[in-house]
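Each chain, written out:
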Amino acid sequence: SGVDYKFTTKIEVLDGGNANQEVGVLETTNLWGCFLQNVNYNDLNYGTNEAAMVALSIRFDNMTQLKAGSDTVIEGVGQNIGAAFNSTLGNLTTGG
């Protein structure tokens with residue numbers, strides 16, 4: 001069942017604030033029912049000091065896109081598509 005491997009993800013687009021100014025969130029996207037479709041570990045060369053590059057492809061069941069600094073779903077194309085939901089199996093709940 002999906003409750004065993006699916007997860008939620010929150011993606012925030014930031015405005016680039018730094019130590020001199022507070023970071024602002026321009027846009028928030030919430031994804032529910034996410035699962036890894038593909039994982040590429042590339043080289044993983046332990047003989048060098050280079051950082052490892054891991055590429056993930058994530059698929060999802062539902063999505064909401066929120067206005068900056070609010071819990072209001074962006075209106076327009078796709079409005080009400082991907083509204084939050086709960087998925088429960090036994091005592092485990094995801095989403096919502």
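Everything discussed here concerns the structure shown above.
Every chain's residues receive numbers from 1 upward, in the order its sequence appears when written. Selection of residues for local features in this predicted model requires a pLDDT of at least 70, selection of side-chain atom pairs for listing and counting requires 80 or more, and totals for whole chains, interfaces and linings are taken over all residues. Each side-chain value is worked out from all heavy atoms of the structure, with water and hydrogens disregarded.

To continue, consider the packing of aromatic side chains. Within 6.5 Å between ring centres, the rings of Phe, Tyr and Trp (the latter by its six-membered ring) count as paired, and their orientation is classed by plane angle as stacked under 30 degrees, edge-to-face over 60, tilted in between. A complete count under the given rule lists one aromatic pair for this structure. Seen in terms of ring centroids, Y5 and F35 are 6.3 Å apart; in terms of plane orientation they differ by 90°. Their pairing is edge-to-face. With a gap of 30 residues between them, Y5 in the segment before β1 (7–14) and F35 in strand β2 (residues 25–40) connect regions that are remote in the sequence. Burial status follows relative accessibility: with a 1.4 Å probe on protein chains alone, a residue under 20% of its type maximum counts as buried, one over 50% as exposed, and anything between as partly exposed. Classification of F35 as partly exposed rests on a relative accessible area of 25%. Comment: elements are numbered from the N terminus, with helices defined as DSSP H or I runs of at least four residues and strands as E runs of at least two.

So, on to the pattern of salt bridges. Salt bridge, as used here, is a side-chain nitrogen of Lys or Arg placed within 4 Å of a carboxyl oxygen of Asp or Glu. A full pass over the atoms with the stated rule returns two salt bridges. One salt bridge in this structure joins K6 and D61, with 2.7 Å as the shortest N-O distance. Highlighted residues: K6 in the segment before β1 and D61 in the loop between β3 (55–59) and β4 (62–66), separated in sequence by 55 residues. Between E12 and K10 there is a salt bridge whose closest N-O contact spans 3.7 Å. With a relative accessible area of 39%, E12 lands in the partly exposed category. Judged by relative accessible area, which is 55%, K10 ranks as exposed.

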